[in-house]
Amino acid sequence: MFISNAYAAAAPAAGGIMGSLTQFVPILLMFVALYFLMIRPQMKRQKEHKAMVEAVTRGDEVVTSGGVLGKVTKVSDVYVSIEVQEGTELIVQKSAVTTLLPKGTIKSL
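The written sequence of each chain sets the order in which its residues are numbered from 1. A pLDDT threshold of at least 70 governs which residues receive local features in this predicted model, and a stricter bar of 80 or more applies before side-chain atom pairs are shown or counted, although totals over entire chains, interfaces and linings include all residues. Computation of side-chain values: all heavy atoms of the structure, hydrogens and water removed.

### Points about the nonpolar core
Reasoning step 1: Ranked by size, the top nonpolar core spans 10 residues in total: Met52, Val53, Val56, Val62, Val72, Val80, Ile82, Val92, Ala96 and Val97.
Reasoning step 2: In DSSP terms, a helix is any run of H or I states spanning at least four residues, a strand is any run of E spanning at least two, and both are numbered starting from the N terminus. For this core, the secondary structure elements donating two or more residues are helix H1 (16-54) and strand E3 (79-85).
Reasoning step 3: Residue contacts follow a heavy-atom distance rule, with two residues in contact if any of their heavy atoms lie within 4.5 Å. Discounting chain neighbours no more than four positions away, the residues touching isoleucine 82 are Val62, Thr64, Gly70, Lys71, Val72, Thr73, Thr88, Glu89, Leu90 and Val92. Each nonpolar core is a collection of buried residues, namely Ala, Val, Leu, Ile, Met, Phe, Trp, Tyr and Cys, held together in the definition by side-chain atoms within 4.5 Å. Any residue under 20% of the maximum accessible area for its type is buried, any over 50% is exposed, and the rest in between are partly exposed; the area is computed with a 1.4 Å probe on protein chains only.

### Overview of the packing of aromatic side chains
Reasoning step 1: Centres within 6.5 Å are what make two rings of Phe, Tyr or Trp a pair, Trp counting through its six-membered ring; a difference in plane orientation under 30 degrees is then read as stacked, over 60 as edge-to-face, and the rest as tilted. Inspection of the entire model under this criterion finds one aromatic pair.
Reasoning step 2: When the ring of tyrosine 35 is compared with that of phenylalanine 36, the centres are 5.2 Å apart and the planes differ by 80°; the resulting orientation is edge-to-face.
Reasoning step 3: Under the relative-accessibility criterion, phenylalanine 36 is labelled partly exposed at 46%.

### Examining the sheet that holds strand E1 (residues 61-64)
Reasoning step 1: The antiparallel open sheet is built from five strands, whose spatial order is E4-E3-E2-E1-E5. Strand pairing shows two members of the sheet lacking a second neighbour, strand E4 (88-93) and strand E5 (97-101), which therefore form its edges. Each adjacent strand pair in this sheet contributes to an overall mean axis angle of 45°, direction not counted.
Reasoning step 2: As paired strands, strand E2 (residues 69-75) and E3 are joined by four bridges and run antiparallel to one another. Each bridged residue has a counterpart across the sheet, and for valine 72 the counterpart in E3 is isoleucine 82. Strands were regarded as paired on the criterion that DSSP finds at least two bridges between them. Think of each axis as a best-fit line through the C-alpha atoms, taken over the contacting stretch in the case of a helix, with angles from 0 to 180 degrees between the N-to-C directions.

### Remarks on the pattern of salt bridges
Reasoning step 1: Salt bridges are identified by distance alone: a Lys or Arg side-chain nitrogen within 4 Å of an Asp or Glu carboxyl oxygen. Taken as a whole and judged by the stated rule, the model has one salt bridge.
Reasoning step 2: A salt bridge links aspartate 60 to lysine 103; its shortest N-O distance comes to 3.3 Å. With aspartate 60 in the loop between H1 and E1 and lysine 103 in the loop between E5 and helix H2 (105-108), this pair connects stretches of sequence that are 43 residues apart.
Reasoning step 3: Judged by relative accessible area, which is 13%, aspartate 60 ranks as buried.
Reasoning step 4: Residue classification places lysine 103 among the exposed positions, given a relative accessible area of 59%.

Quick look at the structure:
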């Protein structure tokens, strides 16, 4: 008697297919932006690094991911032998090579 009955409100009219699509547009735009700002540039860098590592030949001057500068003396499928100092060679994985230097860079240091 003192409390009146409460009834649920009627469901809003459905907007049809356009109403449901407009809810997903912001999510789709975020995925497109993520692809062009993060995923695509990373894939491009990986592709360039792979091409550079495959192009390493004997006599190239390189920098490894650990910061070691040296001249390539031997190249195999997986490993590269780098002469750091006369008579001192390091064997590193090819993927550890990060940069190819121009010829004569080590002598100028």
